[in-house]
Amino acid sequence: MLNDHKRSEQTPHASDEYFRDWFEHAHDLIQIMQPDGLILYANRAWRKVLGYSESEIAGLSLQDIIHPSSLSHCMEIFQRIMAADEANDLMEAVLLTRDGRSIVVEGNSHCHSVHGKPAVMCSIFRDITLRKQAEKERGYLFNYALDLHCIAGFDGYFKQLNPAWEKILGWSEAELLSKPYSEFIHPDDRDATMHQIRSIMEGSNLLSGSHVVENRYLCKDGTCKWLSWASFVHVEEGLIFAAARDISESKRIHAALREVMQWQRAILDNAAYAIITSTPEGLITSFNPAAERMLGYTAEEMIGLQTPALIHDETEIAARAQELSIELGETIEPGFDVFLVKARRNLPNEYEWTCIRKNGIRLPTLISITALRDEANSIIGFLGMFVDISERKRIEQLLRAKNEDLKTFAYTVSHDLKAPLRGISGYAQELERRHKEGLSERAQFCITQIITASRNLDNLIEDLLKYSRLDAEVPTLTDIKLPDLVKSILRDCNHTLTELSVEVRVNIPPITVHTWERGLHQILSNLIDNAIKYARHAKPPRLTISAEALPEGYLITVTDNGVGFDMKYHDRIFGLFNRLVRADEFEGTGTGLSIVKKLIEKLGGSIRATSAPGQGATFFAELPMTTITETMS
């Protein structure tokens, strides 16, 4: 171990077997070196950690085992110890192993003098590499954590803070350490927070463990942040170790969510419609007051149940299952899926149902069911809205009865008016035919006027009958090639077009419309007849018919260069029997455009016009993409 007799003299106790054995089996690293830094002795732990054999120690100096980053610092300390002949305080150093690795040690050294001169320096170190690495890793967690970490003392001041404090609150570390932490707590939360902290510090049962507190901290810009704290108290050291998370956004979201839920609850509670929600499996989760009033059950009776049979007619459910099976092309079994199958597919799902109230009374309702989905488009439930249509059904039945009465009245009036009208016209024509030679010029004029008035009245009665039949007629849907339909109408009025020398322009692309053929035929016929009639005096009369497809339907326009009209009378021209010109100028009963309006509204469309006196007129007929059946339902 010792290199020669001289070294034995310099270390008089090293020859003692007792001390030698104690040094060799010590867990700490022990070394003895000369004042010039040459190592005289290193124990087994030292040799194992630094990787040197016993024989390799000879010739090693302090410079060989100290990392360059620590060398000057360590040499300065060793020289100061030798000069003062005293032990140093605890020091840290970085040593180099034989294979070049770095290890961190801490310990102290003592200089032994002989005859007043430094003879040897004894050092005892402990390998703290793992501890330093752990501290470094903890430092990473502390310094780079997104949450606010701190160590605070029982004296009311912060002792250590991580950078997240400045990033989140805006205060510098120096500002936060310079004042009691209570000054950074929102005034409204200060007393409660400090009371909780004192309770934690004083409670004998709270010497250890974690404690959660929520409060607001003031930011440097004058705003505040909500923080949620988890803390650990070490009473013996008088320290509080704490971490806080910024929950301001969470608080804002929860507040907004509470407000939305309050609004939703207010809507549900005060809605005129019965609203019922369910789980994806159909278990009822809410049953609003309107549903209680409509169906007679309380929410407590219904929530948690899956009860289509309880409030619905089983026969009606079975019939709807058959309808849906045909519509969707798959077998739909009678049961709760009848109500949900279309909602699951995001298809329109509004039908009339008969609901059965708790007292057994049957109630006609219109029910719309929608699937509720989350952000991933997964169904999280269903919402059903129930509307009591009893009054509507009563009015519809009353209107049907009134319509039947009107039809009967119209036919009766037609028969009662046409019979004497035919007599008047017939007798007038007989007078004209048999006694014309014996009549004066005035008498002949009167007979002609009677015959003309009779004919006009007959046309008026026919138009009135046509108008009255519109409500009763049930449309049937077919695919209609619009260009072919227009050609057919123009062919029917070809004689008039030729006689008046009307210039006709047709600009209709190959559009196929799925609608009511007779209704569309009547609309276009009336618009074309109207244009020819009011343009007959133009030189030359012109008629333009065009059409185009729109995103939600079709637009058909009919334009003439006739007399036109003042736009202030726009709505009046579509009224029954309304005419803006004298009968002696243009023939007609004033029903043509009113029939157009009634028919196009029956098709779910609309009619409008633009014009100016003497500038002709353009009529715009808009038809929807939807079928008549969908529109009427």
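Heads up: the structure comes first, above all this text.
Residues numbered from 1 in each chain as written. Predicted model: local features only at pLDDT ≥ 70, side-chain atom pairs only at ≥ 80, totals over all residues. Heavy atoms only, no water.

1. Some details on the sheet that holds strand E11 (residues 274-278)
Spatially, five strands are ordered E12-E11-E15-E14-E13 in an open sheet, and the strand pairing comes out antiparallel. Edge positions in the sheet fall to strand E12 (284-287) and strand E13 (350-356), since each has one partner strand and no second. Across the sheet, the mean angle from the axis of one strand to that of its neighbour is 30°, orientation sign disregarded. Note: E13 against strand E14 (residues 362-373), seven bridges, orientation antiparallel. Residue Glu350 lies in a different strand from E14, and its bridge partner there is Ser368. Those strands touched by helix H15 (residues 337-344) are E13, E14 and strand E15 (379-388), and its axis lies near 40° from that of E14. (Pairing = 2+ DSSP bridges. Helix = DSSP H or I, 4+ residues; strand = E, 2+ residues; numbered from the N terminus. Axes fitted to C-alpha atoms, helices over the stretch in contact; angles between N-to-C directions. Contact = heavy atoms within 4.5 Å.)

2. Remarks on the pairing of strand E10 (residues 239-246)
In the sheet, strand E6 (residues 148-153) pairs with E10 via six bridges, with the strands oriented antiparallel. Directly across from Ile151, in E10, lies its bridge partner Phe241. As judged from the eight bridges shared by strand E9 (residues 224-234) and E10, these two strands associate in the antiparallel manner. Residue pairing across strands places His234 opposite Leu239, the latter belonging to E10. Where E9 folds back onto E10 in an antiparallel hairpin, the turn is made up of four residues, including Gly238, whose phi is positive at roughly 65°.

3. Concerning the nonpolar core
Counting residues in hydrophobic clusters, the biggest one holds 41 residues, and the most contacted among them are Leu543 and Phe619. Listed by contribution, the elements that provide at least two residues to this core are helix H18 (482-492), strand E18 (512-516), helix H20 (517-535), strand E19 (542-550), strand E20 (553-560), helix H21 (592-602), strand E21 (606-611) and strand E22 (617-624). Of the residues forming this core, the biggest block, seven residues, is contributed by H20. (Core = buried A, V, L, I, M, F, W, Y, C linked by side-chain atoms within 4.5 Å. Buried < 20%, exposed > 50% of the residue type's maximum accessible area, 1.4 Å probe, protein only.)

4. A closer look at the pairing of strand E3 (residues 91-96)
Because side chains alternate across E3, one face comprises the buried residues Met91, Ala93 and Leu95, and the other comprises Glu92, Val94 and Leu96, none of which is buried. Pairing geometry for E3 and strand E4 (residues 102-114), over six bridges, is antiparallel. Bridge pairing in E4 links Met91 to Gly107. What sits between the antiparallel neighbours E3 and E4 is a turn of five residues, in which Gly100 has the positive phi angle 90°.

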